[in-house]
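Read off the chains here:
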Amino acid sequence: MSDRKRNNRLSRRDFLKGVGAIMGATGVASITRVNPVGAKPDRTNTNGLTTHKRKYKYPWWVKTVDKITTEVNPDIATKPPMVTFATYAQAMIPDEEWDINNSKAKEYVKEGIINNIPGRTLPDLALHYALHSDMTLGSMGSFDSPRTVKIKNHEELVTYNLHPPRDFDLDPWQASPEEASRVLEAAGIQFGASMVGFTKLNPDWIYPYVKFEPGITEPVMDIKNMSFRIPESYKYVVLLITQGPRDLLIRNQSELGAAGDRATYSRMFNAGVQMARFIKGLDYGYAELLAAGPIIPFALEAGLGELGRMNRLINPIFGGNIRITGFLTDLPLAPDKPIDFGLQEFCKTCKICASECPAGALSMADEPYWIPANAFQASGKKVYFEDNLKCAKYITERGNYCSTCLSVCPWSKQDKAALHEIAKVTSVIVPSSGNFLSDMDQAFGYGLIREDDPEMEDWWDLDIPEEGIDSYQGKA
Amino acid sequence: MNLILGIAIGLGIAWLIYKTKNGWVINWFGWVLMGVSASSFVFGVDLFFGSIIEHEMRAGWMGFGLFSIVLPVVLGTIVWHYSIVRSA
Ligand code: SF4
Ligand code: SF4
């Protein structure tokens, strides 16, 4: 790591000491004025248990009470019969009646698709069942769902209880490529993607073991013989990026930071499974892009970002705090165009990711170059090739995933202060401002929270949004 | 927050108008510097409250101190000494 940047930094600890001294004096004075010393607020309930101090505060007009507001009487209570674990539906409705209801439901659903009834169209139905990906038990509210189900593997997760039009003897969804992209984007955001992009298959980026074949209708992967055969009609690519929980990610190089990284991957995985289910629900096929080629070039084509010095995708709204997934499909899609927000120039002088990389794996060169660092990297691109073996070694030796480079990138900021927007606009208009802006970034104290920072364990007390994600980033 | 900022700035402008009608003459660069000061103040407050949500309090305090206190005080001092002619 470059000591230049490290040594210039006023650590969070030093800063907090200063602020703490001033705030501490006033704080102690005001607290002691309000609460007499030694008096503790009563935090016990009627059972004498210490009550939880909820982070999510209700408004003032909601009061806490000692008993639930529904009257109960255990003396006259009886319990309903349960036939299987957690499904009372099976107890209430016998199998024969269940089958009759399913047939009625099937007709009702088919009527919605054929007549394009608003709220019951084929994409509406596909959305419903795409989101039905987490059921490990049979459920009501989804027709034909097995009454007790245990999903055993990933394939079942993607195909479980789907109802594509062929189930009703109907054709696959018909729509223009523009309409298809519009619908997939809306669905993708609902599935948890921060952004969705589309592009066409570029065979130059596909791994050598992948073959596109006219005679097959489903992808066939043969791991033993290193072959992945994909139907020739899979010419379109849909990509989803999911942002990560920033409060965890800036605690990188720790288990908390690794948790943030895993959370980002989990969000990506869930969104991906649901997108695959959605495409299948429209009666089109899909193949995992990750198994067919490197995903970043497609994401660049789809306008989801530019390639940064760290050789990861940098999105202008979410920076590097993202993970990407994607699919090849035969559903015709209207492609997006690549974007340019001045990152190539900016990265030349910024270099924060390289100076903060704990493995020293990222290049500090002033210009990108054509020569790969080792045989595991594809040539033919002018980038800052990193020493990916050093990175892999660092991660595997610690047993937790590092994504320091992604977190410290100045583009990975949240957008709650206008300062970030001004910095981004400045870097687009004056791309050579990278050095100045990255120095400012560090002077203002942005960057990693490290093991020895007092804030490390404060995460447990932060008031964070759901999943730690601000889903309005870049939208408000 | 925006409401409180709006009221504070509105009161400041009302006070200035009152003073200019009662003997103060402020030259053009005085007005420019006051505009810069007010913008800087608002910017610092925005950064402070934005940083609370972002859990980036160090940046919040730095920004508030710099943009909402130091810069307005320096510019205000310049205006006070060099831009205002008090005729009354
Ligand atoms: S993940 Fe960590 S070790 Fe790997 S390049 Fe990024 S900062 Fe370096
Ligand atoms: S940290 Fe700086 S140099 Fe690295 S990718 Fe981000 S902008 Fe580029």
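Residues numbered from 1 in each chain as written. Chains lettered and ligands numbered in written order. Predicted model: local features only at pLDDT ≥ 70, side-chain atom pairs only at ≥ 80, totals over all residues. Heavy atoms only, no water.

Observations concerning the overall build of chain B
So, point 1. For chain B, the helix and strand inventory stands at three helices and two strands.
So, point 2. Along chain B, helices and strands appear, N-terminal first, in the series α-β-α-α-β.
So, point 3. Looking at chain B residue by residue over its 88 residues, the buried ones come to 35%.
So, point 4. Relative to all contacts within chain B whose residues are 6 or more apart in sequence, the contacts with residues 24 or more apart total 63%.
So, point 5. Working note: accessible area of chain B is about 5,200 Å², and carbon and sulfur atoms make up 78% of it. (Helix = DSSP H or I, 4+ residues; strand = E, 2+ residues; numbered from the N terminus. Buried < 20%, exposed > 50% of the residue type's maximum accessible area, 1.4 Å probe, protein only. Contact = heavy atoms within 4.5 Å. Areas by Shrake-Rupley, 256 points an atom, 1.4 Å probe, with all protein chains shown as cover.)

Some thoughts on the interface of chain B and chain A
So, point 1. Taken residue by residue, the interface counts 17 residues in chain B and 25 residues in chain A.
So, point 2. Counting the surface chain B buries against chain A, the share from its top three residues, Glu-54, His-55 and Arg-58 of chain B, is 44%.
So, point 3. The interface formed by chain B and chain A holds one salt bridge in total.
So, point 4. Arg-246 of chain A is the partner of Glu-56 of chain B in a salt bridge, and the nearest nitrogen-oxygen pair spans 3.7 Å.
So, point 5. Along the contact surface separating chain B from chain A lie eight residue pairs in polar contact (both at pLDDT 80 or more).
So, point 6. Going through the elements one at a time, α2 (28-54) and α3 (57-82) of chain B are the ones with two or more residues in the side of chain B that touches chain A.
So, point 7. By residue number, the principal contributor to the side of chain B that touches chain A is α3 of chain B, which donates eight residues.
So, point 8. Tallied by class, residues from the side of chain B that touches chain A come to nine nonpolar, four polar and four charged. (Buried area = accessible area lost by both parts, 1.4 Å probe. Salt bridge = Lys/Arg side-chain N within 4 Å of Asp/Glu carboxyl O. Polar contact = N/O pair within 3.5 Å; in protein donor to acceptor, adjacent residues only side chain to side chain. Nonpolar A, V, L, I, M, F, W, Y, C, P; charged D, E, K, R; others polar.)

Thoughts on the sheet that holds strand β4 (residues 227-231) of chain A
As a general point, the strands of a sheet are linked pairwise by backbone hydrogen bonds and lie either parallel or antiparallel.
Residue and element names in this part refer to chain A.
So, point 1. Here we have three strands laid out as an open sheet, ordered β2-β4-β3, and mixed in their pairing. Of all the strands in the sheet, the pair left with one neighbour each is β2 (210-213) and β3 (220-222). Across the sheet, the mean angle separating the axes of adjacent strands is 15° when strand polarity is ignored.
So, point 2. Two elements, β3 and β4, share three bridges in a ladder whose sense is antiparallel. Paired with Met-221 across the two strands is Phe-228, which belongs to β4. (Pairing = 2+ DSSP bridges. Axes fitted to C-alpha atoms, helices over the stretch in contact; angles between N-to-C directions.)

Observations regarding empty space enclosed by the protein
Residues and elements named next belong to chain A.
So, point 1. Enumeration over the complete set of coordinates arrives at four cavities of 30 Å³ or more.
So, point 2. In the lining of the largest cavity, the residues fall into ten nonpolar, one polar and two charged.
So, point 3. Looking at the second largest cavity, it is lined by 13 residues, and the ones nearest its centre are Met-310, Cys-347, Cys-350, Cys-353 and Cys-409.
So, point 4. The element that contributes the greatest number of residues to the lining of the second largest cavity is helix α12 (residues 343-350), accounting for four residues.
So, point 5. Looking at side-chain class alone, the lining of the second largest cavity contains ten nonpolar, one polar and two charged residues. (1 Å grid on protein atoms, 1.4 Å probe; cavity = no way out; pocket = protein on both sides within 12 Å on 5 of 7 lines; lining within 4 Å. Points joined across faces, edges and corners; volume = space filled by probe spheres on them.)

A closer look at the site of ligand 1
So, point 1. Taken together, Arg-312, Cys-357, Pro-358, Ala-359, Leu-362, Cys-391, Cys-402, Thr-404 and Cys-405 of chain A form the complete shell of residues around ligand 1.
So, point 2. Each residue belonging to the shell around ligand 1 can be placed in one class, and the counts come to seven nonpolar, one polar and one charged. (Near = heavy atom within 4 Å.)

So, unusual backbone geometry
All names here are of chain A.
So, point 1. Positive phi, normally seen in glycine, also occurs at Gln-253, with a value near 65°.
So, point 2. You can see Gln-253 is positioned in the loop between α8 (246-249) and α9 (255-281).
So, point 3. Located in the positive-phi region is Asp-283, a residue other than glycine, with phi close to 75°.
So, point 4. By secondary structure assignment, the location of Asp-283 is in the loop between α9 and β6 (286-288).

Some details on the site of ligand 2
Residue and element names in this part refer to chain A.
So, point 1. Around ligand 2, the surrounding shell consists of Gly-308, Arg-309, Met-310, Leu-343, Phe-346, Cys-347, Cys-350, Lys-351, Cys-353, Cys-409, Pro-410 and Trp-411.
So, point 2. Cavity membership is defined here by more than half of the atoms lying within 2 Å of grid points; on that basis ligand 2 lies in the second largest cavity.
So, point 3. The dominant element in the shell around ligand 2, judged by the number of residues it contributes, is α12, at four residues.
So, point 4. Across the shell around ligand 2, the residue classes tally to nine nonpolar, one polar and two charged. (Sits in = over half its atoms within 2 Å of the grid points.)

A closer look at the packing of α12 of chain A against helix α17 (residues 434-443) of chain A
Residue and element names in this part refer to chain A.
So, point 1. At a closest axis distance of 7 Å, the pairing of α12 and α17 adopts a crossing angle of 60°. With respect to each other, α12 and α17 are oriented oblique. Between α12 and α17 lies a crossing of right-handed hand. The residues of α17 that touch α12, namely those facing Phe-346, Thr-349 and Cys-350, are Gly-434, Asn-435, Leu-437 and Ser-438.
So, point 2. Considered class by class, the residues forming the contact of α12 with α17 number three nonpolar, four polar and no charged. (Parallel < 35°, antiparallel > 145°, perpendicular 65-115°, else oblique. Left-handed = near helix turned anticlockwise from the far one by under 90°.)

A word on the nonpolar core
Residues and elements named next belong to chain A.
So, point 1. Ranked by size, the top nonpolar core spans 36 residues in total, and within it Leu-184, Val-238, Met-275, Phe-278 and Leu-282 carry the most contacts.
So, point 2. Of all the elements in the fold, those that place two or more residues in this core are α4 (95-114), α5 (122-130), α6 (154-159), α7 (177-190), β1 (195-200), β5 (236-243) and α9.
So, point 3. Ranked by the residues each element gives to this core, the list is headed by α9, at six residues.
So, point 4. The contacts of Met-275, once residues within four sequence positions are left out, are Leu-184, Gly-188, Phe-191, Val-238, Leu-240 and Phe-327.
So, point 5. Within the second largest apolar cluster, 23 residues are counted, among which are Leu-201, Tyr-234, Leu-304 and Phe-318. (Core = buried A, V, L, I, M, F, W, Y, C linked by side-chain atoms within 4.5 Å.)

A closer look at the domain arrangement of chain A
Residue and element names in this part refer to chain A.
So, point 1. According to the domain assignment, chain A contains domain 1 (95-171) and domain 2 (175-476).
So, point 2. The C-alpha centroid of domain 2 is placed 33 Å from the C-alpha centroid of domain 1.
So, point 3. Between domain 1 and domain 2, the contact holds 20 residues from the first and 16 residues from the second.
So, point 4. Of the roughly 1,500 Å² buried between domain 1 and domain 2, counting both surfaces, carbon and sulfur atoms make up 66%.
So, point 5. It is Ala-130, Leu-131 and Val-158 in domain 1 that bury the most area against domain 2; as a group they hold 29% of the surface buried on that side.
So, point 6. At the boundary of domain 1 and domain 2, one finds one salt bridge.
So, point 7. When the shortest N-O distance is used, the salt bridge between Asp-283 and Arg-166 registers 2.8 Å. (Domains from an automatic or database assignment.)

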